[in-house]
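The residues making up each chain are set out below.
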Number of protein chains: 2
Amino acid sequence: MARRQLAPPSDLHLTVAKRLRGDGQRYTSNRRALVEVLELTERPLTIAEILERDPRLAQSSAYRNLSVLDSCGVVRRIVTDDEYARYELAEDLTGHHHHLICSQCGRVEDFTISPQLEASLERAFKRVTARTGFTAEHHRLDLVGSCSRCG
Amino acid sequence: MARRQLAPPSDLHLTVAKRLRGDGQRYTSNRRALVEVLELTERPLTIAEILERDPRLAQSSAYRNLSVLDSCGVVRRIVTDDEYARYELAEDLTGHHHHLICSQCGRVEDFTISPQLEASLERAFKRVTARTGFTAEHHRLDLVGSCSRCG
DNA sequence: CTCAGTGCAAAGGATTTGCATGCCG
DNA sequence: CGGCATGCAAATCCTTTGCACTGAG
(Lines give C-alpha, C1' and ligand atoms only; values in the text may rest on other atoms or scores of the structure.)
Protein backbone atom coordinates (compact mmCIF):
# COMPACT_ATOMS: atom_id res chain seq x y z
CA MET A 1 0.00 0.00 0.00
CA ALA A 2 1.12 3.53 -0.65
CA ARG A 3 2.24 5.00 2.64
CA ARG A 4 3.25 8.59 3.14
CA GLN A 5 4.82 10.63 5.91
CA LEU A 6 2.77 12.53 8.39
CA ALA A 7 2.14 16.21 7.93
CA PRO A 8 0.55 18.63 10.35
CA PRO A 9 -3.20 18.37 9.79
CA SER A 10 -4.41 21.58 8.20
CA ASP A 11 -7.88 23.02 8.24
CA LEU A 12 -8.51 21.48 4.87
CA HIS A 13 -7.67 17.98 6.01
CA LEU A 14 -9.63 18.35 9.21
CA THR A 15 -12.63 19.43 7.19
CA VAL A 16 -12.21 16.59 4.75
CA ALA A 17 -11.81 14.07 7.55
CA LYS A 18 -14.95 15.30 9.22
CA ARG A 19 -16.90 15.21 5.99
CA LEU A 20 -15.81 11.64 5.30
CA ARG A 21 -16.57 10.52 8.81
CA GLY A 22 -20.02 12.00 8.46
CA ASP A 23 -20.61 9.55 5.64
CA GLY A 24 -19.12 6.64 7.54
CA GLN A 25 -15.94 6.78 5.50
CA ARG A 26 -12.32 6.77 6.63
CA TYR A 27 -9.72 9.34 5.68
CA THR A 28 -7.06 6.90 4.58
CA SER A 29 -3.59 7.78 3.36
CA ASN A 30 -4.59 7.17 -0.24
CA ARG A 31 -7.51 9.54 0.06
CA ARG A 32 -5.34 12.09 1.77
CA ALA A 33 -2.81 11.79 -1.04
CA LEU A 34 -5.53 12.54 -3.59
CA VAL A 35 -6.65 15.61 -1.67
CA GLU A 36 -3.06 16.78 -1.40
CA VAL A 37 -2.47 16.48 -5.12
CA LEU A 38 -5.62 18.43 -5.87
CA GLU A 39 -4.77 20.99 -3.21
CA LEU A 40 -1.43 21.68 -4.86
CA THR A 41 -2.86 22.31 -8.30
CA GLU A 42 -5.03 25.22 -9.21
CA ARG A 43 -6.85 23.51 -12.05
CA PRO A 44 -8.89 20.33 -12.46
CA LEU A 45 -6.78 17.24 -13.15
CA THR A 46 -7.48 14.05 -15.04
CA ILE A 47 -6.88 10.74 -13.32
CA ALA A 48 -3.79 10.29 -15.45
CA GLU A 49 -2.42 13.64 -14.30
CA ILE A 50 -3.13 12.76 -10.70
CA LEU A 51 -1.30 9.45 -11.04
CA GLU A 52 1.65 11.23 -12.61
CA ARG A 53 1.85 13.57 -9.67
CA ASP A 54 1.79 10.72 -7.17
CA PRO A 55 2.91 7.49 -8.87
CA ARG A 56 2.36 5.49 -5.72
CA LEU A 57 -1.37 5.65 -6.30
CA ALA A 58 -3.05 2.70 -7.97
CA GLN A 59 -5.38 3.60 -10.79
CA SER A 60 -8.36 1.59 -9.65
CA SER A 61 -8.08 2.90 -6.11
CA ALA A 62 -7.82 6.43 -7.43
CA TYR A 63 -11.05 5.95 -9.36
CA ARG A 64 -12.73 4.39 -6.36
CA ASN A 65 -11.52 6.94 -3.85
CA LEU A 66 -12.30 9.93 -6.03
CA SER A 67 -15.77 8.53 -6.36
CA VAL A 68 -16.07 8.31 -2.59
CA LEU A 69 -14.67 11.81 -2.15
CA ASP A 70 -17.15 13.04 -4.73
CA SER A 71 -20.08 11.46 -2.88
CA CYS A 72 -18.95 13.07 0.36
CA GLY A 73 -18.68 16.47 -1.25
CA VAL A 74 -14.92 16.72 -0.96
CA VAL A 75 -14.08 16.74 -4.65
CA ARG A 76 -16.02 17.48 -7.78
CA ARG A 77 -15.96 15.47 -10.99
CA ILE A 78 -15.93 17.55 -14.14
CA VAL A 79 -16.71 16.24 -17.57
CA THR A 80 -16.07 18.19 -20.75
CA ASP A 81 -16.01 17.24 -24.41
CA ASP A 82 -12.59 15.87 -23.70
CA GLU A 83 -12.34 12.10 -23.33
CA TYR A 84 -11.17 12.24 -19.71
CA ALA A 85 -13.04 13.29 -16.60
CA ARG A 86 -11.33 15.78 -14.33
CA TYR A 87 -11.37 16.34 -10.59
CA GLU A 88 -11.00 19.37 -8.38
CA LEU A 89 -11.63 20.14 -4.73
CA ALA A 90 -15.26 20.94 -3.99
CA GLU A 91 -16.24 24.57 -4.34
CA ASP A 92 -17.04 25.07 -0.69
CA LEU A 93 -13.41 24.22 0.06
CA THR A 94 -11.88 26.48 -2.56
CA GLY A 95 -14.50 29.05 -3.49
CA HIS A 96 -17.05 29.34 -6.26
CA HIS A 97 -15.54 29.66 -9.70
CA HIS A 98 -16.00 28.82 -13.36
CA HIS A 99 -14.00 27.10 -16.07
CA LEU A 100 -12.11 28.04 -19.17
CA ILE A 101 -12.13 24.91 -21.31
CA CYS A 102 -9.70 24.50 -24.18
CA SER A 103 -11.47 22.62 -26.94
CA GLN A 104 -8.11 21.70 -28.51
CA CYS A 105 -6.18 20.12 -25.67
CA GLY A 106 -8.90 19.75 -23.06
CA ARG A 107 -7.08 21.79 -20.47
CA VAL A 108 -9.31 23.45 -17.89
CA GLU A 109 -8.50 26.64 -15.99
CA ASP A 110 -10.47 28.50 -13.36
CA PHE A 111 -11.92 31.98 -13.44
CA THR A 112 -14.41 34.00 -11.44
CA ILE A 113 -16.93 36.66 -12.21
CA SER A 114 -18.11 39.53 -10.03
CA PRO A 115 -20.45 38.87 -7.12
CA GLN A 116 -22.89 41.27 -8.74
CA LEU A 117 -23.05 39.20 -11.89
CA GLU A 118 -23.37 36.02 -9.86
CA ALA A 119 -26.31 37.58 -8.07
CA SER A 120 -27.95 38.51 -11.36
CA LEU A 121 -27.55 34.94 -12.52
CA GLU A 122 -29.07 33.62 -9.34
CA ARG A 123 -32.10 35.84 -9.81
CA ALA A 124 -32.50 34.64 -13.37
CA PHE A 125 -32.25 31.02 -12.21
CA LYS A 126 -34.93 31.59 -9.60
CA ARG A 127 -37.29 32.75 -12.31
CA VAL A 128 -36.50 29.71 -14.46
CA THR A 129 -36.93 27.16 -11.70
CA ALA A 130 -40.16 28.78 -10.53
CA ARG A 131 -41.50 28.40 -14.05
CA THR A 132 -40.37 24.81 -14.72
CA GLY A 133 -40.63 22.82 -11.49
CA PHE A 134 -36.93 22.15 -11.70
CA THR A 135 -35.01 22.16 -8.43
CA ALA A 136 -31.58 23.71 -8.86
CA GLU A 137 -28.59 22.48 -6.90
CA HIS A 138 -25.87 24.51 -8.52
CA HIS A 139 -24.96 26.19 -11.77
CA ARG A 140 -22.14 25.79 -14.16
CA LEU A 141 -20.71 28.50 -16.34
CA ASP A 142 -17.99 27.56 -18.77
CA LEU A 143 -16.10 29.45 -21.41
CA VAL A 144 -15.09 27.19 -24.28
CA GLY A 145 -12.33 28.13 -26.68
CA SER A 146 -8.58 27.86 -27.09
CA CYS A 147 -6.04 28.27 -24.33
CA SER A 148 -2.96 30.42 -24.76
CA ARG A 149 -0.73 27.54 -25.84
CA CYS A 150 -3.21 26.11 -28.38
CA GLY A 151 -4.57 29.53 -29.41
CA MET B 1 -30.52 1.29 -46.31
CA ALA B 2 -33.15 3.27 -44.48
CA ARG B 3 -35.23 5.07 -47.06
CA ARG B 4 -37.92 7.59 -46.31
CA GLN B 5 -40.59 9.42 -48.20
CA LEU B 6 -40.04 12.87 -49.62
CA ALA B 7 -41.17 15.92 -47.72
CA PRO B 8 -41.27 19.52 -48.94
CA PRO B 9 -37.82 20.92 -48.22
CA SER B 10 -38.09 23.45 -45.43
CA ASP B 11 -35.78 26.31 -44.67
CA LEU B 12 -34.09 24.17 -42.08
CA HIS B 13 -33.28 21.39 -44.50
CA LEU B 14 -32.12 23.81 -47.16
CA THR B 15 -29.80 25.40 -44.64
CA VAL B 16 -28.51 22.04 -43.48
CA ALA B 17 -28.00 20.87 -47.06
CA LYS B 18 -26.02 23.97 -47.87
CA ARG B 19 -23.92 23.67 -44.75
CA LEU B 20 -23.06 20.06 -45.53
CA ARG B 21 -22.29 20.80 -49.14
CA GLY B 22 -19.96 23.54 -47.98
CA ASP B 23 -17.93 20.85 -46.24
CA GLY B 24 -18.03 18.49 -49.20
CA GLN B 25 -20.65 16.31 -47.55
CA ARG B 26 -23.95 15.00 -48.89
CA TYR B 27 -27.34 15.42 -47.26
CA THR B 28 -28.36 11.80 -47.36
CA SER B 29 -31.64 10.35 -46.18
CA ASN B 30 -30.07 9.05 -42.99
CA ARG B 31 -28.67 12.45 -42.16
CA ARG B 32 -32.00 14.05 -42.95
CA ALA B 33 -33.71 11.56 -40.67
CA LEU B 34 -31.42 12.55 -37.83
CA VAL B 35 -32.14 16.22 -38.37
CA GLU B 36 -35.86 15.51 -38.47
CA VAL B 37 -35.79 13.62 -35.19
CA LEU B 38 -33.89 16.45 -33.53
CA GLU B 39 -36.17 19.03 -35.11
CA LEU B 40 -39.23 17.35 -33.61
CA THR B 41 -37.88 17.28 -30.07
CA GLU B 42 -37.29 20.34 -27.95
CA ARG B 43 -34.55 18.84 -25.83
CA PRO B 44 -31.19 17.15 -26.46
CA LEU B 45 -31.46 13.42 -27.14
CA THR B 46 -29.11 10.53 -26.51
CA ILE B 47 -28.24 8.24 -29.39
CA ALA B 48 -30.47 5.58 -27.84
CA GLU B 49 -33.40 8.00 -27.78
CA ILE B 50 -32.78 8.96 -31.38
CA LEU B 51 -32.73 5.32 -32.47
CA GLU B 52 -35.99 4.70 -30.57
CA ARG B 53 -37.63 7.54 -32.44
CA ASP B 54 -36.49 6.22 -35.81
CA PRO B 55 -35.70 2.51 -35.53
CA ARG B 56 -34.65 2.32 -39.15
CA LEU B 57 -31.42 4.06 -38.26
CA ALA B 58 -28.34 1.92 -37.68
CA GLN B 59 -26.44 2.74 -34.54
CA SER B 60 -23.00 3.01 -36.09
CA SER B 61 -24.26 5.21 -38.89
CA ALA B 62 -26.03 7.42 -36.38
CA TYR B 63 -22.78 7.91 -34.49
CA ARG B 64 -20.92 8.57 -37.72
CA ASN B 65 -23.49 10.93 -39.17
CA LEU B 66 -23.98 12.88 -35.98
CA SER B 67 -20.25 13.32 -35.91
CA VAL B 68 -20.33 14.67 -39.46
CA LEU B 69 -23.28 16.93 -38.67
CA ASP B 70 -21.41 18.18 -35.63
CA SER B 71 -18.31 19.01 -37.69
CA CYS B 72 -20.43 20.92 -40.18
CA GLY B 73 -22.11 22.91 -37.44
CA VAL B 74 -25.55 21.39 -37.94
CA VAL B 75 -25.85 19.67 -34.57
CA ARG B 76 -24.15 20.04 -31.24
CA ARG B 77 -22.86 17.27 -29.04
CA ILE B 78 -23.53 17.76 -25.35
CA VAL B 79 -21.87 15.85 -22.56
CA THR B 80 -23.03 15.98 -18.98
CA ASP B 81 -22.24 13.88 -15.93
CA ASP B 82 -24.58 11.34 -17.43
CA GLU B 83 -23.01 8.39 -19.17
CA TYR B 84 -24.49 9.20 -22.57
CA ALA B 85 -23.72 12.05 -24.91
CA ARG B 86 -26.68 14.03 -26.22
CA TYR B 87 -27.33 15.86 -29.46
CA GLU B 88 -29.37 18.89 -30.40
CA LEU B 89 -29.60 21.13 -33.45
CA ALA B 90 -26.91 23.81 -33.52
CA GLU B 91 -27.76 27.05 -31.76
CA ASP B 92 -27.72 29.17 -34.88
CA LEU B 93 -30.56 27.01 -36.18
CA THR B 94 -32.66 27.09 -33.04
CA GLY B 95 -31.50 30.07 -31.01
CA HIS B 96 -29.09 30.54 -28.13
CA HIS B 97 -30.18 28.79 -24.96
CA HIS B 98 -28.97 27.01 -21.85
CA HIS B 99 -29.61 23.69 -20.17
CA LEU B 100 -31.39 22.39 -17.12
CA ILE B 101 -29.63 19.14 -16.30
CA CYS B 102 -31.23 16.58 -14.01
CA SER B 103 -28.50 14.95 -11.97
CA GLN B 104 -30.80 12.01 -11.18
CA CYS B 105 -32.01 10.85 -14.58
CA GLY B 106 -29.76 12.84 -16.88
CA ARG B 107 -32.61 14.51 -18.69
CA VAL B 108 -31.75 17.84 -20.27
CA GLU B 109 -34.20 20.68 -20.92
CA ASP B 110 -33.64 24.08 -22.49
CA PHE B 111 -34.04 27.52 -21.00
CA THR B 112 -33.06 31.06 -21.88
CA ILE B 113 -32.06 34.14 -19.96
CA SER B 114 -32.65 37.78 -20.82
CA PRO B 115 -30.58 39.45 -23.54
CA GLN B 116 -29.45 41.97 -20.92
CA LEU B 117 -28.02 39.24 -18.74
CA GLU B 118 -26.40 37.59 -21.75
CA ALA B 119 -24.79 40.92 -22.57
CA SER B 120 -23.49 41.27 -19.01
CA LEU B 121 -21.99 37.82 -19.26
CA GLU B 122 -20.33 38.66 -22.55
CA ARG B 123 -18.73 41.73 -21.02
CA ALA B 124 -17.45 39.67 -18.10
CA PHE B 125 -16.03 37.09 -20.52
CA LYS B 126 -14.22 39.81 -22.44
CA ARG B 127 -12.47 40.88 -19.28
CA VAL B 128 -11.48 37.31 -18.46
CA THR B 129 -10.12 36.50 -21.89
CA ALA B 130 -8.24 39.78 -22.05
CA ARG B 131 -6.53 38.83 -18.81
CA THR B 132 -5.71 35.20 -19.60
CA GLY B 133 -4.85 34.94 -23.28
CA PHE B 134 -7.70 32.51 -23.71
CA THR B 135 -9.70 32.80 -26.93
CA ALA B 136 -13.39 32.20 -26.32
CA GLU B 137 -15.57 30.49 -28.88
CA HIS B 138 -18.78 30.17 -26.92
CA HIS B 139 -20.07 29.88 -23.41
CA ARG B 140 -22.09 27.30 -21.60
CA LEU B 141 -24.43 27.97 -18.74
CA ASP B 142 -26.09 25.00 -17.09
CA LEU B 143 -28.38 24.65 -14.14
CA VAL B 144 -27.88 21.30 -12.42
CA GLY B 145 -30.49 19.82 -10.11
CA SER B 146 -33.56 17.62 -10.19
CA CYS B 147 -36.25 17.72 -12.84
CA SER B 148 -39.93 17.76 -11.95
CA ARG B 149 -40.32 14.01 -12.23
CA CYS B 150 -37.22 13.17 -10.17
CA GLY B 151 -38.10 16.07 -7.81
C1' DC C 1 -17.79 3.72 -62.95
C1' DT C 2 -16.26 5.91 -58.66
C1' DC C 3 -16.43 6.88 -54.22
C1' DA C 4 -18.89 8.46 -50.20
C1' DG C 5 -22.34 6.38 -47.24
C1' DT C 6 -24.13 2.28 -44.88
C1' DG C 7 -24.55 -1.58 -41.61
C1' DC C 8 -22.75 -5.39 -39.33
C1' DA C 9 -19.52 -7.02 -36.29
C1' DA C 10 -15.38 -6.44 -33.88
C1' DA C 11 -12.14 -3.36 -31.58
C1' DG C 12 -11.02 0.67 -28.46
C1' DG C 13 -10.58 2.81 -24.28
C1' DA C 14 -11.99 5.21 -20.05
C1' DT C 15 -14.09 3.50 -16.09
C1' DT C 16 -15.93 -0.13 -13.04
C1' DT C 17 -15.88 -4.37 -10.62
C1' DG C 18 -14.49 -9.27 -8.64
C1' DC C 19 -11.59 -11.14 -5.63
C1' DA C 20 -7.85 -12.19 -2.57
C1' DT C 21 -5.05 -9.72 0.68
C1' DG C 22 -3.74 -6.04 4.04
C1' DC C 23 -4.70 -2.79 7.51
C1' DC C 24 -7.46 0.24 10.69
C1' DG C 25 -10.39 0.60 14.49
C1' DC D 1 -10.92 -10.17 15.12
C1' DG D 2 -14.25 -7.85 11.43
C1' DG D 3 -14.88 -5.14 7.80
C1' DC D 4 -13.44 -1.57 4.85
C1' DA D 5 -9.59 -0.31 1.75
C1' DT D 6 -6.34 -1.78 -1.71
C1' DG D 7 -4.49 -3.36 -6.10
C1' DC D 8 -4.30 -6.40 -9.74
C1' DA D 9 -6.64 -8.15 -13.55
C1' DA D 10 -10.74 -8.89 -15.94
C1' DA D 11 -15.16 -7.18 -17.28
C1' DT D 12 -18.26 -3.21 -18.83
C1' DC D 13 -20.18 -0.36 -21.98
C1' DC D 14 -20.39 3.81 -24.81
C1' DT D 15 -18.23 4.88 -28.88
C1' DT D 16 -15.23 4.15 -32.83
C1' DT D 17 -13.48 1.55 -36.62
C1' DG D 18 -12.61 -2.29 -40.37
C1' DC D 19 -14.59 -4.07 -44.14
C1' DA D 20 -17.52 -5.46 -47.78
C1' DC D 21 -21.53 -3.71 -50.09
C1' DT D 22 -24.78 -0.30 -52.02
C1' DG D 23 -26.32 3.65 -54.36
C1' DA D 24 -25.93 8.53 -55.84
C1' DG D 25 -23.81 11.52 -59.24
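Worth saying up front: this structure is predicted, and the values here are computed from it rather than measured.

Caption draft 1: Quick peek at the overall build of chain A. Within chain A, the regular secondary structure consists of 6 helices and 6 strands. When its helices and strands are written in sequence order, chain A yields α-α-β-α-α-β-β-α-β-β-α-β. By principal-axis analysis of the C-alpha atoms, chain A measures approximately 50 × 40 × 25 Å. Expressed as a percentage of the 151 residues in chain A, the buried residues total 48%. Pairs at least 24 residues apart make up 50% of the contacts formed inside chain A by residues separated by at least 6 positions. A total of about 8100 Å² of accessible surface is found on chain A, and carbon and sulfur atoms cover 48% of it. The average position of the 22 basic charges and that of the 21 acidic charges among the side chains of chain A differ by 5 Å.

Caption draft 2: View of the sheet that holds strand β2 (residues 75-78) of chain B. All names here are of chain B. Strands sit in the order β1-β3-β2 across an open sheet of 3 strands; the sheet is antiparallel. At either end of the open sheet lies a strand with only one pairing partner, and these are β1 (45-46) and β2. Pairing of β1 with strand β3 (residues 86-89) involves 2 bridges; the strand directions are antiparallel. Bridge pairing in β3 links Thr46 to Arg86.

Caption draft 3: Focus on the packing of helix α1 (residues 11-22) of chain B against helix α2 (residues 29-40) of chain B. Residues and elements named next belong to chain B. The contact between α1 and α2 brings their axes to 11 Å, and the two run at 135°. Compared by their axis directions, α1 and α2 come out oblique. Along this stretch, α1 crosses α2, giving a crossing that reads as right-handed. Contact residues: Leu12, His13 and Val16 in α1; Arg32, Val35, Glu36 and Glu39 in α2. Of the residues that constitute the contact of α1 with α2, the class distribution is 3 nonpolar, 1 polar and 3 charged.

Caption draft 4: Highlighting helix α1 (residues 11-22) of chain A. Over its 12 residues, α1 of chain A extends 16 Å from the first C-alpha to the last, a length consistent with the 16 Å expected when each residue adds 1.5 Å. Of the residues one or two after α1 of chain A, Gly24 of chain A is the one with positive phi, at around 70°.

Caption draft 5: Quick peek at the layout of surface pockets. Estimated volume of the largest pocket: approximately 690 Å³. If you go around the largest pocket, you meet 36 residues; those closest to its centre are Asp70, Arg76, Arg77 and His138 of chain A together with Asp81 of chain B. Secondary-structure elements contributing two or more residues to the lining of the largest pocket are α4 (59-71), β2 (75-78), α5 (91-94), β4 (98-102) and β6 (135-146) of chain A together with β4 (98-102) and β6 (135-146) of chain B. Sort the elements by how many residues they give to the lining of the largest pocket and β6 of chain A lands first, with 5 residues. Looking at the lining of the largest pocket residue by residue, the classes come out as 13 nonpolar, 13 polar and 10 charged. Surrounding the second largest pocket, 18 residues form its lining, Asp70, Val75, Arg76, Arg77 and His138 of chain B being those nearest its centre.

Caption draft 6: Up close: the pattern of salt bridges. Enumeration according to the criterion identifies 19 salt bridges over all chains in this entry. Residue Asp92 of chain B pairs with Arg19 of chain B through a salt bridge whose shortest N-O separation is 2.9 Å. Taken as a pair, Asp92 of chain B in helix α5 (residues 91-94) and Arg19 of chain B in helix α1 lie far apart in primary sequence, 73 residues in all. What makes Arg19 of chain B partly exposed here is its relative accessible area of 23%. Two residues, Glu36 of chain B and Arg32 of chain B, come together in a salt bridge whose shortest N-O distance is 3.0 Å. Of this pair, Glu36 of chain B and Arg32 of chain B both sit in helix α2, 4 residues apart, roughly one helical turn. Relative accessible area serves as the criterion here: at 25%, Glu36 of chain B is assigned to the partly exposed category. Residues joined by salt bridges that share partners form a network here, namely Arg76, Glu88 and Glu91 of chain A.

Caption draft 7: Quick look at the packing of aromatic side chains. Under the defined criterion, the tally for this structure stands at 2 aromatic pairs over all chains. Geometrically, the ring pair formed by Phe111 of chain A and Phe125 of chain B is edge-to-face, given 6.3 Å between the ring centres and 80° between the ring planes. Placement of the pair is Phe111 of chain A in strand β5 (residues 108-111) and Phe125 of chain B in helix α6 (residues 115-132), with the two residues belonging to separate chains. Each member of the pair, Phe111 of chain A together with Phe125 of chain B, is buried.

The rules behind these values
- Counting restarts for each chain: residues are numbered from 1 in the order of the written sequence.
- A letter from A marks each chain and a number from 1 marks each ligand, given out in the order of writing.
- A pLDDT threshold of at least 70 governs which residues receive local features in this predicted model, and a stricter bar of 80 or more applies before side-chain atom pairs are shown or counted, although totals over entire chains, interfaces and linings include all residues.
- Neither water nor hydrogens contribute to the side-chain values; these are computed over all heavy atoms in the structure.
- Numbering goes from the N terminus for both helices and strands, where a helix is a DSSP run of H or I of at least four residues and a strand is a run of E of at least two.
- Only protein chains enter the calculation, and the probe is 1.4 Å; a residue is then buried if its accessible area is under 20% of its type maximum, exposed if over 50%, and partly exposed in between.
- The contact rule is simple, with two residues in contact once any of their heavy atoms fall within 4.5 Å.
- The method behind every accessible area is Shrake-Rupley, applied with a 1.4 Å probe, and residues are considered shielded solely by the protein chains displayed.
- Charge assignment: positive for Lys and Arg, negative for Asp and Glu; neither His nor the chain ends contribute.
- Throughout, a charge is located at the NZ atom of Lys, the CZ atom of Arg, the CG atom of Asp or the CD atom of Glu.
- Two strands make a pair as long as DSSP finds a minimum of two bridges between them.
- All axes here are fitted lines through C-alpha atoms, helices being fitted over the stretch that makes contact, and every angle between N-to-C directions spans 0 to 180 degrees.
- By the definition adopted for this analysis, an angle is roughly parallel if under 35 degrees, roughly antiparallel if over 145, roughly perpendicular if from 65 to 115, and oblique otherwise.
- By convention, the crossing between two helices is left-handed when the near helix turns anticlockwise from the far helix through less than a right angle, and right-handed when the turn is clockwise.
- All amino acids are sorted into three groups, where Ala, Val, Leu, Ile, Met, Phe, Trp, Tyr, Cys and Pro are nonpolar, Asp, Glu, Lys and Arg are charged, and the leftover types, Gly among them, are polar.
- An expected span of 1.5 Å times one less than the residue number is assigned to each helix.
- Cavity means a closed set of points on a 1 Å grid over the protein atoms alone, one where a 1.4 Å probe fits but cannot get out, pocket means an open set with protein on both sides within 12 Å along at least 5 of 7 lines, and lining means a residue has an atom within 4 Å of a point.
- Grid points are joined across faces, edges and corners, and a volume is the space filled by probe spheres set on the points.
- Salt bridges are defined as contacts in which a side-chain nitrogen from Lys or Arg sits within 4 Å of a carboxyl oxygen from Asp or Glu.
- When two rings of Phe, Tyr or Trp (its six-membered ring) have centres within 6.5 Å they constitute a pair, described as stacked for plane angles under 30 degrees, edge-to-face for angles over 60, and tilted for the intermediate range.

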